[in-house]
Amino acid sequence: MLTHCQTEVPCPVAVAGAGVQAELSAGLCAPQATISPKFLYDPLGSRLFEAICELPEYYPTRTEAAIFARYGADIARAIGPGATLIDLGAGNCAKAASLFPLLHPDQYVAIDISRDFLHESLARLRQRFPHIEMTALGQDFSSRLDLPADISPARRLFFYPGSSIGNFTPDEARGFLRRVRAQCDPDGGVLIGIDLLKDEQTLADAYDDALGVTAAFNLNVLRHVNQLLGADFDVRGWRHQAFFNRDEGRIEMHLQAMRDMLVRWPGGSRSFARGDCIHTENSYKYRKSAAIGLLEQSGFQATNAWVDVDEWFAVIHARAIGP
Ligand SMILES: C[S@@+](CC[C@H](N)C(=O)[O-])C[C@H]1O[C@@H](n2cnc3c(N)ncnc32)[C@H](O)[C@@H]1O
């Protein structure tokens, strides 16, 4: 008889590294079951995210793009040409590519956990910009950030668009930004896109679109976990949920069980009752001052913050300070 959650002897058939499996298993067995949002991104998840960026409800991508279009020259002046542009969570690399003609980087380093998707994206980009030296790093940067020795230490600009920083709690975000700071010389900095607090309906709609693309993106994490962990999630037994948690100032995405079920994986299992949820993503929303505060508490000094006319989104450039 299986209990609520069991961890048994590890089985050799599992498909991801032991660290990934241990992390997934621990998350699934936690009192509030969780799957880290980084697992939303396999090749299909990355493509679904591209589709989300096209949706009318998903304002962050077009709002950030409008800021780059309007203030691109100012942003380029703040940064100057010849930087080593390091794209954190590069995805299809489209945002960085749109800035190449403004920023004229010497080197472009694209980092993403979704390795295959990243390598395909960078192969296409190399053909468009053969004069820029490019490196793809398939890496999970959530707990450490490793750059190979051949990445120039001079004039590093860490590019972190799309408000991905919001997937971390504020404490985790400060820890992450400090690790980024540790990879900068004093002439380095960050260019970061941060989503701002706004009316709750706009926020909730952005994560629960009418076509159900975000629902598919969220549900796809179960297919990915099946693949990584050898689990037997039945995707049809779950439904997407997204809501704004006012107390925490964040959108939460969950997957809710539509019936009682037992999910097994090599070395473990968990039973879910109808209505139980797996927490799959947080997306914290900030006031502009708090966003600048995050950077300033992490070894950076903001030089400029550009916002759109509705003040829905901020793009902030900050220089490395301190030792
Ligand atoms: C919200 S998407 C943003 C993509 C693109 N930068 C943009 O702004 O449109 C987040 C990206 O970060 C990547 N990612 C998420 N967690 C990651 C992690 N822990 N390490 C490396 N990449 C990660 C995902 O694969 C995805 O491409």
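Residues numbered from 1 in each chain as written. Predicted model: local features only at pLDDT ≥ 70, side-chain atom pairs only at ≥ 80, totals over all residues. Heavy atoms only, no water.

1. Some thoughts on the pattern of salt bridges
Link 1 in the chain: Under the counting rule described, the total for this entry stands at 12 salt bridges.
Link 2 in the chain: Among the ionic pairs, aspartate 74 bridges to arginine 77, the shortest N-O distance being 2.6 Å. Remark: arginine 77 and aspartate 74 occur in helix H3 (residues 59-79); sequence separation between them is 3 residues, near one turn of the helix.
Link 3 in the chain: The partner of arginine 250 in a salt bridge is glutamate 252, and the shortest N-O contact between them spans 2.9 Å.
Link 4 in the chain: For arginine 250, a relative accessible area of 12% corresponds to the buried category. (Salt bridge = Lys/Arg side-chain N within 4 Å of Asp/Glu carboxyl O. Helix = DSSP H or I, 4+ residues; strand = E, 2+ residues; numbered from the N terminus. Buried < 20%, exposed > 50% of the residue type's maximum accessible area, 1.4 Å probe, protein only.)

2. Considering the pairing of strand S6 (residues 189-195)
Link 1 in the chain: Burial within S6 is extensive, with 7 of its 7 residues counted as buried.
Link 2 in the chain: Side chains of S6 alternate between two faces, with Gly189, Leu191, Gly193 and Asp195 and Val190, Ile192 and Ile194 buried alike.
Link 3 in the chain: Relative to S6, strand S5 (residues 156-160) runs parallel, the two sharing 4 bridges. Among the inter-strand pairings, tyrosine 160 is bridged to a residue of S6, identified as isoleucine 192.
Link 4 in the chain: Crossover connection from S5 via helix H6 (residues 170-182) to parallel S6: handedness right-handed. (Pairing = 2+ DSSP bridges. Right-handed = clockwise from strand over helix to strand, strands pointing away.)

3. Topic: the nonpolar core
Link 1 in the chain: Judged by nonpolar contacts, the single largest core of 37 residues is most densely connected at Ile35, Phe233, Trp238, Phe272 and Ile278.
Link 2 in the chain: Elements that contribute at least two residues to this core include exactly helix H1 (18-29), helix H2 (43-52), helix H7 (200-206), helix H8 (213-229), strand S7 (238-245), strand S8 (250-257) and strand S9 (261-265).
Link 3 in the chain: Considering every element that reaches this core, the biggest residue donor is H8, with 8 residues.
Link 4 in the chain: If sequence neighbours within four positions are ignored, isoleucine 35 has contacts with Leu24, Leu28, Val221, Leu222, Val225, Ile278, His279 and Thr280.
Link 5 in the chain: Grouped together as the second largest cluster of nonpolar side chains are 35 residues, Cys184, Val190, Ile194 and Leu294 included. (Core = buried A, V, L, I, M, F, W, Y, C linked by side-chain atoms within 4.5 Å. Contact = heavy atoms within 4.5 Å.)

4. A few points about the sheet that holds strand S4 (residues 133-138)
Link 1 in the chain: As summarised here, the arrangement of the 7 strands in space is S4-S3-S2-S5-S6-S13-S12, forming an open sheet in which the pairing is mixed. Of all the strands in the sheet, just S4 and strand S12 (300-307) have a single pairing partner and so form its edges. With direction set aside, neighbouring strand axes in the sheet form an average angle of 20°.
Link 2 in the chain: Where strand S3 (residues 107-112) meets S4, 6 bridges bridge the pair, whose relative direction is parallel. Bridging from a neighbouring strand, alanine 110 pairs with alanine 136 of S4. (Axes fitted to C-alpha atoms, helices over the stretch in contact; angles between N-to-C directions.)

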